[in-house]
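Now for the letters of each chain:
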Amino acid sequence: MTIIFGVFLLTLMVITALAIVHTQHLFVAVILSGIFSLLMAANFFLLDAADVALTEAAIGAGISTVLFLGALTLTGEAERYRSSSVNRVVALGVVAAITLMVIYATFDKPAFGDPQTPVQQHVAPWYIDTTANDIDIPNVVTAVLASFRGYDTLGEVFVVLTAGIGILFLFSATPTRRKKPQTEQESEVESTAEIKFGEGLRHFLIPQVVGRLLIPFILLFGLYVQFHGDYGPGGGFQAGAIIAAAIILYALLEGEARALRVIPQWVLTGMMAGGAILYSAVGVVCMMLDGNFLEYSVLAADPITGQHIGIIVIEAGVGITVTGVLLSIFHAFAGRRRF
Amino acid sequence: MELLGLYHYWVFAVLLMIGFYAVISKSNLIKKLIGLSIFQAAVFLLYITMGKVAGGTAPIIQAGVENAVFSNPLPQVLILTAIVVGISTMALGLGIVVRIKEEYGSIEERDIQEIDRR
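Residues numbered from 1 in each chain as written. Chains lettered and ligands numbered in written order. Predicted model: local features only at pLDDT ≥ 70, side-chain atom pairs only at ≥ 80, totals over all residues. Heavy atoms only, no water.

1. Looking at the overall build of chain B
Defined as follows: Each helix is a run of H or I in the DSSP string that is no shorter than four residues. Each strand is a run of E no shorter than two, and both are numbered from the N terminus. Throughout, radius of gyration means the C-alpha value; the globule benchmark is 2.2 Å times the number of residues raised to the power 0.38. The buried label goes to any residue with under 20% of its type's maximum accessible area, the exposed label to any with over 50%, and the partly exposed label to all in between, with areas taken from a 1.4 Å probe on protein chains only. Here, two residues are considered to be in contact whenever any of their heavy atoms come within 4.5 Å of each other. Here the accessible surface of atoms and residues is derived via Shrake-Rupley with a 1.4 Å probe, and residues count as covered only by protein chains that are part of the display. Lys and Arg are tallied as positive, Asp and Glu as negative. Neither His nor the chain termini are counted. To locate a charge, take NZ of a lysine, CZ of an arginine, CG of an aspartate or CD of a glutamate.
Within chain B, the regular secondary structure consists of four helices and zero strands. Helices and strands in chain B line up, N terminus first, as α-α-α-α. In terms of C-alpha radius of gyration, chain B reaches 20 Å, well past the compact-globule figure of 13 Å for 118 residues. Dimensions along the principal axes, computed over C-alpha positions, put chain B at roughly 70 × 30 × 10 Å. Relative to its 118 residues, chain B shows a buried fraction of 63%. Excluding contacts between residues fewer than 6 apart, the proportion of contacts in chain B whose partners are at least 24 apart in sequence is 54%. Working note: accessible area of chain B is about 4,400 Å², and carbon and sulfur atoms make up 61% of it. Positive and negative charge centroids in chain B, built from 9 and 9 side chains respectively, lie 6 Å apart.

Next comes the structure, spelled out in structure tokens:
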């Protein structure tokens, strides 16, 4: 049964991807890529990757769609040119050749799900065995993410922070005036659209009622995912995305200005840097207590309790940074005027 | 089971190349970014597929369950963080596209090259 479902999902994914590439309407492409992400998340779940499925659903289907739509309002929705036939033939040739080569290569790959493959022999069994004894939290993925490979995760947090800073820098530039002056009619249409946009959906009853009901529960779920990450699927990355989604929903309902009054931009910027600093600070504290960088065992008298404290704190750091960066990016796109 | 595994790898190859096709043949910059995200998703799929163990379950240890088979947690950790980093870099790409639109008035590669040539 699972097999049939897996094949069904994979096939749907291919169809969706083809439709995304084929459509000329960018709005359709973005919505389809949200569906694509959701199918991908379901497929990850079938492949035993609950944490990854949660992340993909929250980020791929949720935040990413919002960001793409935010960009589309600034750039326009229609794809103007079809690629020329020569271009298309060459591209199809290259693509077909590589596809065939990769498919040929798959016949040499180890069998799917075989526990004897090299991937399963290396560090994975060690991680699973050691987690039970040394860290003692049920979710092995969180243990590997936060403790065994804490350096990696610190690096990822800094990459996310850097991307956030990059967006703030990019949008701090004021555009030079375009040579072609806009017709009056165009600018008028734009300004009315802007007023509506600034107010969000305040004058629409049904989104208001439903959204207001949902926001507290989304926030609660975000906090649950954050602090229950040691025991079930979840952790800072997913929680950050979910909390950001709740506040984005608020911004869509009440308008940009109100959302920025609830959480001002300086708080968001502080969160971006603060989470990364909190994470690094845990590492430095470990060093001060005669341990190595990010060796949580020294944080408490009992090494296992030390691990628990360390993981909770760094996950909080991750969550704070991810929330800050995603919201800053959203506000950067949504608050940008159309030029 | 064998065929399902091969099917996973084939879908990986096809998705990878659908994304790549959008990147190389489309003129619209947003479409290229969407293609890139399909490409990225295909790589994620490959990693997670390789971490699957037959008869396994999600790597969450349950008290009182002995000899449970777990799928490989390592690819899951790598991909989990990669998804978040992926969206951050994608947003940066979108930001650049928006700035290009503001300066050139177009997000079509063909128009931009023409304006540059002038």
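Back to the write-up after that little detour.
2. Observations regarding the pattern of salt bridges
The test is simple: Salt bridge, as used here: a side-chain nitrogen of Lys or Arg that lies within 4 Å of a carboxyl oxygen of Asp or Glu.
Throughout the structure, instances matching the rule amount to ten salt bridges over all chains. In this structure, Arg-336 of chain A and Glu-102 of chain B form a salt bridge, with 2.7 Å as the shortest nitrogen-oxygen distance. Remark: Glu-102 of chain B occurs in helix α3 (residues 73-104) and Arg-336 of chain A occurs in the segment after α14 (303-334); the pair is interchain, linking two chains. For the pair Arg-336 of chain A and Glu-102 of chain B, one class covers both residues: buried. Among the ionic pairs, Arg-99 of chain B bridges to Glu-103 of chain B, the shortest N-O distance being 3.2 Å. Linking Arg-99 of chain B with Glu-103 of chain B, this pair stays in helix α3, spanning four residues, or about one helical turn. For Glu-103 of chain B, a relative accessible area of 32% corresponds to the partly exposed category. Three or more residues are tied together by salt bridges with common partners; here these are Arg-336 of chain A together with Arg-99, Glu-102 and Glu-103 of chain B.

3. Considerations on the confidence of the model for chain A
Note the cut-off: Per-residue confidence from the predictor is given as pLDDT, running between 0 and 100.
Averaged over every residue, the pLDDT of chain A is 88; residues scoring 70 or more account for 93%. In this model, residues 181-195 of chain A is a region of pLDDT below 50 whose contacts with residues beyond four sequence positions or in other chains number six contacts.

4. So, the interface of chain A and chain B
When the parts come together, some accessible area is lost, and that loss is often what is quoted as the size of the interface. What counts here: Computed with a 1.4 Å rolling probe, the buried area is the accessible surface lost when two parts are put together, summed over both parts. Think of a polar contact as two N or O atoms within 3.5 Å of one another; within protein, one of them needs to be a possible hydrogen donor and the other a possible acceptor, and neighboring residues in sequence only count if both atoms come from side chains.
Facing 100 residues of chain A, the contacting portion of chain B comprises 82 residues. Here chain A packs against chain B, burying approximately 8,300 Å² in sum over the two surfaces, 76% of which is carbon and sulfur. At the surface where chain A touches chain B, the tally comes to four salt bridges. Our enumeration of links across chain A and chain B arrives at 24 residue pairs in polar contact (both at pLDDT 80 or more). Ranked by residue count, the leading element in the side of chain A that touches chain B is helix α3 (residues 50-75) of chain A, at 13 residues.

5. A word on the nonpolar core
The condition that has to hold: Take the buried Ala, Val, Leu, Ile, Met, Phe, Trp, Tyr and Cys residues and link them wherever side-chain atoms come within 4.5 Å; each set so joined is a nonpolar core.
Grouped together as the largest cluster of nonpolar side chains are 115 residues, with contacts concentrated most on Phe-36, Phe-44, Leu-67 and Phe-333 of chain A together with Leu-15, Ile-30 and Leu-45 of chain B. In terms of residue count, the dominant contributor to this core is α3 of chain B (13 residues). The residues contacting Ile-30 of chain B, other than those within four sequence positions of it, are Leu-26, Phe-68, Ala-71, Leu-72 and Thr-75 of chain A together with Leu-94, Val-97 and Ile-107 of chain B.

6. A few points about the packing of aromatic side chains
Note the threshold: A pair of aromatic rings is counted whenever rings of Phe, Tyr or Trp (Trp by its six-membered ring) have centres within 6.5 Å, and the orientation is called stacked for planes under 30 degrees apart, edge-to-face for over 60 and tilted otherwise.
For the coordinates displayed, the defined rule picks out nine aromatic pairs over all chains. An angle of 90 degrees between the planes, with centres 5.2 Å apart, marks the rings of Phe-171 of chain A and Phe-333 of chain A as edge-to-face. A residue pair is termed long-range when its members are at least 10 positions apart, and Phe-171 of chain A in helix α8 (residues 150-172) and Phe-333 of chain A in helix α14 qualify at 162 residues. Of the two residues examined, Phe-171 of chain A and Phe-333 of chain A, each falls in the buried class. Judged by centre distance (6.4 Å) and plane angle (50 degrees), the rings of Phe-20 of chain B and Phe-39 of chain B are tilted. With Phe-20 of chain B in helix α1 (residues 2-25) and Phe-39 of chain B in helix α2 (residues 29-51), this pair connects stretches of sequence that are 19 residues apart.

7. Topic: helix α1 (residues 2-22) of chain A
The cut-off we apply is this: One less than the number of residues in a helix, times 1.5 Å, gives the span that helix is expected to have. It is the directions from the helix axis to the C-beta atoms whose arc is reported.
Helix length check: α1 of chain A, at 21 residues, gives a terminal C-alpha distance of 30 Å against a target of 30 Å (1.5 Å per residue), a fit within 8%. Within the span of α1 of chain A, buried status applies to Gly-6, Leu-9, Leu-10, Met-13, Val-14, Thr-16, Ala-17, Ile-20 and Val-21 of chain A. Here the buried residues of α1 of chain A occupy an arc of 165 degrees about the axis, which is enough to place them on one side. What points out from α1 of chain A, more than 90 degrees from its buried face, is the exposed set Ile-4, Ile-15 and His-22 of chain A. Contact partners of the buried residues in α1 of chain A: α2 (26-46) of chain A together with α1 and α2 of chain B.

8. Points about the environment of Val-43 of chain B
Residues and elements named next belong to chain B. Turning to its location among the elements, Val-43 is positioned in helix α2. For Val-43, a relative accessible area of 28% gives the class partly exposed. For the pair formed by Val-43 and Gly-5, sequence separation is 38 residues and the distance between their alpha carbons is 15 Å. Excluding residues within four positions of it along the chain, Val-43 makes contact with Phe-12 and Leu-16.

9. Quick look at the packing of α3 of chain A against α2 of chain B
In plain terms, the rule: To define axes, lines are fitted to C-alpha atoms, for helices over the stretch in contact only, and angles between the resulting N-to-C directions are given on a 0 to 180 degree scale. Put simply, angles under 35 degrees are roughly parallel, angles over 145 are roughly antiparallel, angles from 65 to 115 are roughly perpendicular, and the rest are oblique. Side-chain classes are defined by residue name, with Ala, Val, Leu, Ile, Met, Phe, Trp, Tyr, Cys and Pro counting as nonpolar, Asp, Glu, Lys and Arg as charged, and the others, Gly among them, as polar.
For the pair α3 of chain A and α2 of chain B, the least separation of the axes is 12 Å and the interaxial angle reads 175 degrees. Put simply, α3 of chain A runs roughly antiparallel to α2 of chain B. Contact residues: Val-52, Glu-56, Phe-68, Ala-71, Leu-72 and Thr-75 of chain A in α3 of chain A; Ile-30, Leu-33, Ile-34, Phe-44 and Ile-48 of chain B in α2 of chain B. Each residue belonging to the contact of α3 of chain A with α2 of chain B can be placed in one class, and the counts come to nine nonpolar, one polar and one charged.

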